[in-house]
Every structure is written in C-alpha cells, then in structure tokens.
Amino acid sequence: MKKLLFSTLLLACILFIDYLILIAVGCSAFKCGAQEGFYCGFYCKFALSLIALSVLGGFFYSWKITHKVL
C-alpha cells in the first residue's frame, strides 16, 4: 500500500512539474512575441506529448513497483 501511495504522489509531483514547465514555455513564448500559430501548433502538441509521456511513465513505474519486475 505504501508503494502505491508513493507512486501516486510521485505521479502528482511529475504532473505539477509538467504544469510549471508549460507555464514557463507559454510565458516566455508570449514575451518573445509568439502568434496564434505557435499556440495552436507546436505548444498544443508539446503539451499533449509531455503529459502523455509523464502519465505513461508514471503508470509504468507504478506497475514496476507493485509487481516487482526488473
């Protein structure tokens, strides 16, 4: 149970760090004068891939901890 709680807490921390990264990228792009094309194109794809990789990595890590693989 402690391992599952730890992995859930770790996933929440990783998603919060992702949130901070997306804020930093968005604010710095706005300061540099990015237009709508940046936010509708690159930024959305970057955000979706970052969050998807974080969630998949968190689930894999949780599965690895709970099933003691490797």
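Since the model is a prediction, treat every value here as computed from it, not as a measurement.

## Quick look at the packing of aromatic side chains
Applying the stated criterion across every chain, the model contains seven aromatic pairs. Seen in terms of ring centroids, Phe16 and Tyr19 are 6.4 Å apart; in terms of plane orientation they differ by 35°. Their pairing is tilted. Taken as a pair, Phe16 and Tyr19 lie in helix H1 (residues 2-31) at a separation of three residues, close to a single helical turn. Of the residues examined, Phe16 reaches a relative accessible area of 49% and is grouped as partly exposed. Their ring planes at 75° and their centres at 5.6 Å tell us that Tyr39 and Tyr43 sit as a pair that is edge-to-face. Of this pair, Tyr39 and Tyr43 both sit in helix H2 (residues 36-67), four residues apart, roughly one helical turn. Overall, Tyr43 belongs to the buried group, its relative accessible area being 19%.

Cut-off values and rules
Residues numbered from 1 in each chain as written. Predicted model: local features only at pLDDT ≥ 70, side-chain atom pairs only at ≥ 80, totals over all residues. Heavy atoms only, no water. Phe/Tyr/Trp six-rings, centres within 6.5 Å; stacked < 30°, edge-to-face > 60°. Helix = DSSP H or I, 4+ residues; strand = E, 2+ residues; numbered from the N terminus. Buried < 20%, exposed > 50% of the residue type's maximum accessible area, 1.4 Å probe, protein only.

Any functional reading would require information beyond the geometric quantities listed.
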